[in-house]
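A closer look at the structure
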Amino acid sequence: MKNFRIPAFWQAILVIVCAYLIFDNAFPPVMPKSLMIEFMIITIIGVLLYFSFDEQRWNEFKAPIKAVLRDNDKGLIRWAFLILIPALLGLTVYNAIKPSFESPVELRQVHPAPPSTLRVYDKSYNLTTLENPIRTEVLALAQSDAKAAEGQYHKAIQAGSEVYFQNCFYCHGDLLDGEGPFATGFNPIPANFQDVGTIAQLQEAFLFWRITTGGPGLPKEGTPWNSAMPVWHEMLSEAEVWQVITFLYDYVGQVPRMWDPKISKAVTGMKDKIQAQRANMTGKGLYQFRCAVCHGDKGAGDGPAADFLYPKPRDFTLGMFKYKTSPAELPARDEDLFNTIKFGLNGTSMPGWESLLSDEQIKSMIPVIKGFDILDTWVQESEDDDEDEEEDEEEDEEEDEEEETEDDDAESDEEAEDDEAESDDEAEETEDDDAESDDEAEETEDDDAESDDAAEETEDDDAESDDEAEETEDDDAESDEEAEEAEDDDAESDEDADEEEEADDEAEEADDEEDAESEADDDDADDESEEGQTPQNFIHISDIEPLEGQIPYSADSIAKGKIAFEKTCEQCHGKTGRGNITSGKRLADDWNNRIWPRDLTQPWTWRISNIPGNDDKSRDETIRRIYARLSIGITGTPMPAHRSTSEGDADPVSLADRWHIANYVYSLRENTIPPGDNTVIQAVKITGTLPTTIEDTAWNKAPGTTVRLVPNIIKEKRLFTPLANSITARVLYNNQEIAFLLEMSDRTDSRPGEPISEQIQDENLAMHSDAFAIQFPKAAAFETTPIVEKPLYRHGDAKHPTTIWYWNAGRFEPESAPKTLIFDASGPSKKLVPRQGDNTLKATGFWEHGRWRVLMKRPRTDNKSGDLSFSEGQFIPISFANWDGSNGEIGSKHTLTSWYWLLLPPEIDYGRLYGIPLGMSFLSFLLGLILVRSQRRKVIP
């Protein structure tokens, strides 16, 4: 082994293979093919130069090649190379000339160099010397008063937390990991601040520049046209920007890059101290640090971020949890709370905390959450038993006292010598009784005062509830209406009559003098419960909703499920399961928040019931979860339990029908196209005229591509609570025109005056007309080679204007026909300019069963307005927008997409596509034969 040495030829092969593997795998996400070819050519040339530099090494390198070409015993190897090398060359040529449907590669510099100076807030900043003023003040104060400095720091962190959760978390997430509720709708995805390769490597001045100037402030290499980062200096003050920067570093436990080693050491020391304190944080402290910003300090769902969220954060005070595995009337199991915290709830602002919290930390928060409950939902059974025993003992003591009193009276009668003495005794007893009555009266007054205080609190809460009720829908959903997977987490709790009675009951329990000491302990426990400092003695629910009798997924079961669904579920979920209410009733939860039935055709929006995957195992588990939701219901919403909750009562829906409905609901996903990672929308060319109606069967030829919609959270006026989440596009074209069919689930036909939509309209929101738009760059406003350049995706900019096709659904009252317009846009701060006298855009739309279908058609070429021509083989930027009128969306308050690519595939020249690779293969084969022949002649007989 000591003399083992790899020959020069195989050294060269090993280097080339290793280089390929490195280029292909070490540069995420994917190295472009053209760049890969370029790097490999450079590598091969470098290897050849290295081995040819030395004559001995070059001869060693060539020896195996000469042997294959010349030796008689290597004929099979020669023919293998003669066949394989031309085949490989032909395949390479074929891949190079075949039409590519892959989108152009956009190379983005993640941390581009900032400018030296920055002008915002009517001031100029030198970014080379700019420091965080909050950090500077805290460090200066720490030299004289460390405690005061710590307080000032935490005050700034708290302020920064509120700024972040009211503005930034929609993209960057609760965990600051770039996975916020709307993150998947953006490309590139938002920055992950938990990654040590982001803010930990940057100066705070860099963050100040990026935050204040947003996406439009990026240089060209940062692809500003794709960045969704708002220009925050238009919406946040300078102090708020520095507060949120300080919060970011504190929350992820990182220190910014600093050039002064003394300052860096001081900041690092402060960070290490805080992180050491948080390392063992559990229970109440952990809740306050991670959860209170949404759920509130006392768990009432009223944190600083709550008003900006839909669905609302959970209100813990009534002990109701929507997604549980315990039977309908039982509280949630600890495992249900644990799983919700660990894995989160899809489609809501509730993230999965498994990446930041250990299982033990998650478990420590369960008693805290239970402790916020004011209805004693999880009161320990043993405590109830003790209270019953105490009541029995009290009754026994009262009976003993009565017997003693009777005995005393008898003795008094026997010892009585005259009526006066007897009267005196009775008078004394009467005085004692009066004294006792006075004591009891005083206690009663105290109790009444406590009851009055409780009543005043209840009245205050009721007044708040009344104020909220004036702004919220107050329609009671019938118990038989199904709102499966109803969309909305519950918000602030209303204190109702039951709570007032409970307060009175607690006041009455305080009457017992003999239990004063124990009652004080109970009161202390209640106070601690209100503050979240809860004991670990709550009951644990072990009962699980049974899932027996599952019926296999089959066409027959689906057909039966459809019949049962239409009978049981259609009034809420609509005929096709898209959540369009047909009963005419507005649905609200137990907190009077307006909610909408789940769109059952979009499983990617389901909270916990959908298991990703197309295999039988994933399907069957998803069906079981659908069945569980049917059987258990969704607590606090109009979605009832469809299995009997009382022993002896018949099930509202039979076990078999529940399984049939679950199978049918699962099948509804086949009626929609889920959003994916595809960024290219491929058009299909047809002969003859393009469709003029949405029912035309020609649309079946066009593949649908679904892209995600996100609300405009980029520029005022912003939208924080969208209902629409995706839109599907199909494209057909011929030699003269191009047509788009847009399809989108929408629970309401939002045309003011439309009877059913008006009947279920949210009283807090004004209804506007539904509308759709498609945006393209102008002809000279984008490039795809040699590098990509596009307009800013929200209305472009002055140098990169855009064209917008717009269709509005019109109104019933006052009557207004649908509108079709073309707008010219030149920036997010500029008003859209309607194009006058241009009637080239034809559009129509139709709403049915919870879905809009809108057709837009226009000539492929327009030489008069500067609009782009829809040329075959060209990648064209395209984006979409939607206004959901029933959600109060109008103007800038709407949903939109980032840029995608539209491709009209070119006609394929099959002669060229196959002829050139075959010709190159044959030519290389001939050259190989000639080379072998010439080398064989050099062999000496």
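Residues numbered from 1 in each chain as written. Predicted model: local features only at pLDDT ≥ 70, side-chain atom pairs only at ≥ 80, totals over all residues. Heavy atoms only, no water.

**Looking at the confidence of the model for the protein**
Rule in force here: Each residue carries a pLDDT score, the predictor's confidence in it, ranging from 0 to 100. Working rule for contacts: check all heavy atoms of both residues, and any pair within 4.5 Å makes them a contact.
In the predicted model, the protein carries a mean pLDDT of 85, and 82% of its residues have values of at least 70. Contacts for the low-pLDDT stretch residues 383-390, under 50 throughout, to residues beyond four places or in other chains number three contacts. Contacts of residues 399-534 to residues separated by more than four positions or lying in other chains number 179 contacts, the stretch itself having pLDDT below 50.

**Let's talk about the pairing of strand β11 (residues 819-825)**
Heads up, the condition is: Only strands that DSSP links by at least two bridges are regarded as paired with each other. Helix numbers and strand numbers start at the N terminus; a helix is a DSSP run of H or I with at least 4 residues, a strand a run of E with at least 2.
Pairing of strand β10 (residues 802-808) with β11 involves seven bridges; the strand directions are antiparallel. Residue pairing across strands places I804 opposite F823, the latter belonging to β11. Relative to strand β12 (residues 833-834), β11 is paired through two bridges, and the arrangement is antiparallel. Counterpart to F823 in the pairing with β12 is P834.

**A few points about helix α21 (residues 616-632)**
Using the following cut-off: Expected span, for any helix, means 1.5 Å times one less than how many residues it has. Summary of the burial criterion: residues with accessible area below 20% of their type's maximum are buried, those above 50% are exposed, and those between are partly exposed, where the area comes from a 1.4 Å probe applied to protein chains only. The term polar contact refers here to a pair of N or O atoms within 3.5 Å; inside protein, the definition further demands a hydrogen-donor-capable atom paired with an acceptor-capable atom, and it admits residues adjacent in sequence only when both atoms are side-chain atoms.
An ideal rise of 1.5 Å per residue puts 24 Å on 17 residues; α21 measures up with 24 Å between its terminal C-alpha atoms. Burial in α21 covers these residues: S618, R619, T622, I623, I626, Y627, A628, R629, L630, S631 and I632. Buried residues along α21 sit against α22 (655-667). Looking at where α21 begins, the residue whose side-chain oxygen comes 3.3 Å from the main-chain nitrogen of K617 is D615.

**What to know about helix α13 (residues 334-343)**
Taken residue by residue, α13 has D334, D336, L337, F338, I341 and K342 as its buried positions. Structurally, α13 contributes buried residues whose contacts are with α14 (359-371). Immediately downstream of α13, the backbone of G344 shows phi near 75°, a positive value.

**Focus on the packing of aromatic side chains**
In this description, an aromatic ring pair is defined by two values, namely the gap between the centres and the angle between the planes. Condition: Stacked, tilted and edge-to-face are the three classes applied to pairs of Phe, Tyr and Trp rings, where Trp contributes its six-membered ring and a pair requires centres within 6.5 Å; stacked means planes under 30 degrees apart, edge-to-face means over 60, and tilted covers the rest. Two conditions define a charge sitting above a ring: the NZ of Lys or the CZ of Arg must be within 6 Å of the ring centre, and it must be within 35 degrees of the ring normal.
Scanning the model with the defined rule gives 39 aromatic pairs in all. On the numbers, 5.9 Å between centres and 40° between planes, the contact of F165 with F169 is tilted. The two residues F165 and F169 agree in class, both being buried. Centroid distance F169 to Y170: 4.7 Å. Interplanar angle 45°. Geometry classified as tilted. By way of ring pairs, the aromatic residues Y164, F165, F169, Y170, F182, F247, Y251, F289, F308 and F720 are connected into one cluster. A cation over an aromatic ring shows up here: R57 above the ring of Y50, its NZ or CZ 4.2 Å from the ring centre. Above the ring of W209, the side-chain terminus of R210 is found at 6.0 Å from the ring centroid.

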